[in-house]
Amino acid sequence: TRQTRATTVSSEPSLWITTAMASLAVVALVCLVGLLASPAAATFSIVYLSPFGDDTVGCGYTADSACKTLSFAMTQASDGATINVMPGYYYGQANFPTINMNLNVAGYSVSAQQPAVFDAQEQSGYSSIYVNGTATVYSRAISVTFSNLVFQNWYSNYNGFLQMNTDSSSSLMPALTVHKCTFKNVRLAVNVENGNVLIDNSYLAGDGSYSSYGISVPGRSTSTHQVNLVLSNVTIYNFYYCIWGNSLGLNLAMSQSHITGATYVGMQMSAMASARIDNSRIDFCTSGIVLAAESANVVTTLTSTFFSNIGTNLNNENALVVYGKNEVRIKACTFNNNTAGTGRGAGIYCDNYATVTVQGSSFINNQANDGAAAWCNTLCAFNGANNYLYNNVQSTDSGPCNGLTPSSREEAEEARQQHIMRAKESELM
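What counts and what doesn't
Residues numbered from 1 in each chain as written. Predicted model: local features only at pLDDT ≥ 70, side-chain atom pairs only at ≥ 80, totals over all residues. Heavy atoms only, no water. Helix = DSSP H or I, 4+ residues; strand = E, 2+ residues; numbered from the N terminus. Buried < 20%, exposed > 50% of the residue type's maximum accessible area, 1.4 Å probe, protein only. Contact = heavy atoms within 4.5 Å. Disulfide = S-S within 2.5 Å. Salt bridge = Lys/Arg side-chain N within 4 Å of Asp/Glu carboxyl O. Polar contact = N/O pair within 3.5 Å; in protein donor to acceptor, adjacent residues only side chain to side chain. Core = buried A, V, L, I, M, F, W, Y, C linked by side-chain atoms within 4.5 Å. Phe/Tyr/Trp six-rings, centres within 6.5 Å; stacked < 30°, edge-to-face > 60°. pLDDT = per-residue confidence, 0-100. Pairing = 2+ DSSP bridges.

(A) A look at the overall build of the protein. When you go through the protein residue by residue, the secondary structure sums to 3 helices and 38 strands. The buried share of the protein, reckoned over its 429 residues, is 51%. Restricting the contact set of the protein to residue pairs at least 6 apart, pairs at least 24 apart contribute 69%.

(B) Expanded view of the state of the cysteines. Applying the stated criterion across every chain yields a total of 1 disulfide. Between the sulfur of C59 and that of C67 lies a disulfide, 2.1 Å long from S to S. Measuring the twist about the S-S bond at about 95°, one finds the C59-C67 disulfide to be right-handed. The exposure classification of C59 matches that of C67, with both residues buried.

(C) A look at the pattern of salt bridges. A full pass over the atoms with the stated rule returns 4 salt bridges. In this structure, the salt-bridge partner of R187 is D207, at a minimum N-O distance of 2.6 Å. Here the residue R187 occupies a position in the loop between β14 (182-186) and β15 (188-192), and D207 occupies one in the loop between β16 (195-206) and β17 (213-217), the gap between them amounting to 20 residues.

(D) Spatial organisation of unusual backbone geometry. Of note, the phi angle at N238 is positive, near 65°, even though the residue is not glycine. Topologically, N238 is positioned in the loop between β18 (227-237) and β19 (241-246).

(E) Quick peek at the environment of D55. Structurally, D55 can be placed in the loop between β1 (44-49) and α2 (70-75). Between the alpha carbons of D55 and S71 there is a distance of 9.4 Å; along the sequence they are 16 residues apart. Sequence-distant contacts of D55, that is, excluding residues within four places in its chain, are made with C67, K68, T69 and F72. At 2.7 Å, the side chain of D55 forms a polar contact with the side chain of T69.

(F) View of the nonpolar core. If you look at the biggest cluster of nonpolar residues, it comprises 94 residues, and the most contacted ones within it are F146, F151, F161, F183 and L231. For this core, the element with the most residues is β18, which contributes 5 residues. If near-sequence neighbours (up to four positions away) are discounted, F146 is found in contact with I99, V105, I129, V131, F151, L162, L176, T177, V178, H179 and C181. Core analysis: the next-biggest nonpolar cluster, separate from the first, contains 11 residues, Y213, Y240, Y323 and W375 among them.

(G) The arrangement of the packing of aromatic side chains in detail. The final tally for this structure, using the stated rule, is 24 aromatic pairs. Look at F44 and Y61: their rings are 4.8 Å apart centre to centre, the planes differ by 50°, and that puts the pair in the tilted class. Of this pair, F44 sits in strand β1 while Y61 sits in the loop between β1 and α2; the two residues are 17 residues apart in sequence, bridging distant segments of the chain. Judged by relative accessible area, which is 7%, F44 ranks as buried. Residue classification places Y61 among the partly exposed residues on the basis of a relative accessible area of 49%. Ring geometry for Y213 against Y241: centres 5.4 Å apart, planes inclined by 10°, an arrangement best described as stacked. Taken together, the residues span a long stretch of sequence, with Y213 in strand β17 and Y241 in strand β19 at a distance of 28 residues.

(H) Representation of the confidence of the model for the protein within the structure. Scored by pLDDT, the protein comes out at a mean of 83, with 81% of its residues at no less than 70. pLDDT under 50 marks residues 1-20. Its contacts with residues more than four places away, or in other chains, come to 0 contacts. Here residues 26-41 scores under 50 on pLDDT; set against residues more than four positions off or in separate chains, the count is 6 contacts.

(I) Structural detail: the pairing of β18. When β16 meets β18, the two strands line up parallel, connected through 10 bridges. Directly across from L204, in β18, lies its bridge partner I236. Here β18 runs beside strand β20 (residues 250-255); their pairing, made up of 6 bridges, is parallel. Within β20, the residue paired with V227 across the bridge is L250. Judged from the 3 bridges that link them, β18 and strand β21 (residues 258-260) form a sheet pairing that is parallel. By the bridge assignment for β21, I236 is matched with I259.

(J) Examining the side chain of N132 more closely. Within the secondary structure, N132 is located in strand β7 (residues 129-132). Engagement of the side chain of N132 in a polar contact is seen with the side chain of N100, the distance being 2.7 Å. A distance of 2.6 Å separates polar atoms of two side chains, one belonging to N132 and the other to T134. Contacts of N132, omitting those with residues within four sequence positions, involve T98, I99, N100, I142 and N165.

(K) Representation of the sheet that holds strand β28 (residues 320-322) in the model. Taken in spatial order, the 11 strands of this open sheet run β4-β7-β12-β15-β17-β19-β22-β25-β28-β31-β35, and their pairing is parallel. Only two strands of the sheet have a single partner each, and these edge strands are β4 (98-99) and β35 (374-376).

(L) Highlighting the environment of D167. Within the secondary structure, D167 is located in the loop between β12 (162-165) and β13 (175-179). Judged by relative accessible area, which is 46%, D167 ranks as partly exposed. Along the chain, D167 and T134 lie 33 residues apart, while their C-alpha atoms are 6.7 Å from each other.

Structural data, given as structure tokens:
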């Protein structure tokens, strides 16, 4: 009996422990299955965002369970995910996040009548939608795309509505793409210090205020930053500066684009590495393009139109102004109806050791006090051949330009077509 009782007593704790462990294992298994089955524990490659959504863990898995703010939607998104932004208006700082991952933010089921709009409500205290250029994923710089969206009512001219920065010592080249987007009533649409930027099929409209910028590339004097900026089929309208560049590492390529209505300068390049402007139009600005960099730069302008840029009485209020040691090659361009007021060089104004070559271009109905088509001082190297000049009016007798050689309209058109053909053959266009 003792032996039997001893055996029974000694086995009770063992049985209890075994039963408890089994129960815990079952509970753990159930929890694990629940976690694996529930969207709450996952991140998604597609996340839905709606002004009428709800920021709860697991939101965004479907359009019916959309998140409410971009900040929270990002917490539900895997690296490289697409956030589908449903029609409506997105207000508040939670919709202006810092992005530290590869991400696509895209309007979903939107139209001109039902857009997806990020609205800053004219609040200058908002932080930008900020692409953190120092962020890395697997030691690589991030890439962020915005498409089919509207950004409006941004009243800061220090940070952009879309902002991409890196540290001054960083060699990372993050990427920002803006595709089929509209900016309305903004004072600084896009501000970039480093990286690769593509803006295409987009419309940027400012509020016309003093020191407003469509696109700004400020650079830093102590950095080695590089910005490769590509603009394709972009309209930039009603800014103080439509494009402003002050980075020694700026490389600009602009094609089939339109810069218009700048209250001061359409494109101001105080520093840059190179630029190419193809098949674009610069019109109705106080000054069209001002190239003021002191370092040697190369700017190639092909088949672009400078029309009705109306200066007042300053020498730098012209369709194209070239300062510093810039080398500018102008081929197959049109300069029509530009006015320099009481200044010089309504079409082209050249000063301070610049080198300018003009070929196969036309200058028609430009007006200035001196050098209606073009003007350059004695320090410039100005070469012009096979250009067509008609009805360019200046109040002095120095002629349309002291370096621009006129040709017949037929000769100028033949030269223009040759330059276009060469550009196509060399894949510049």
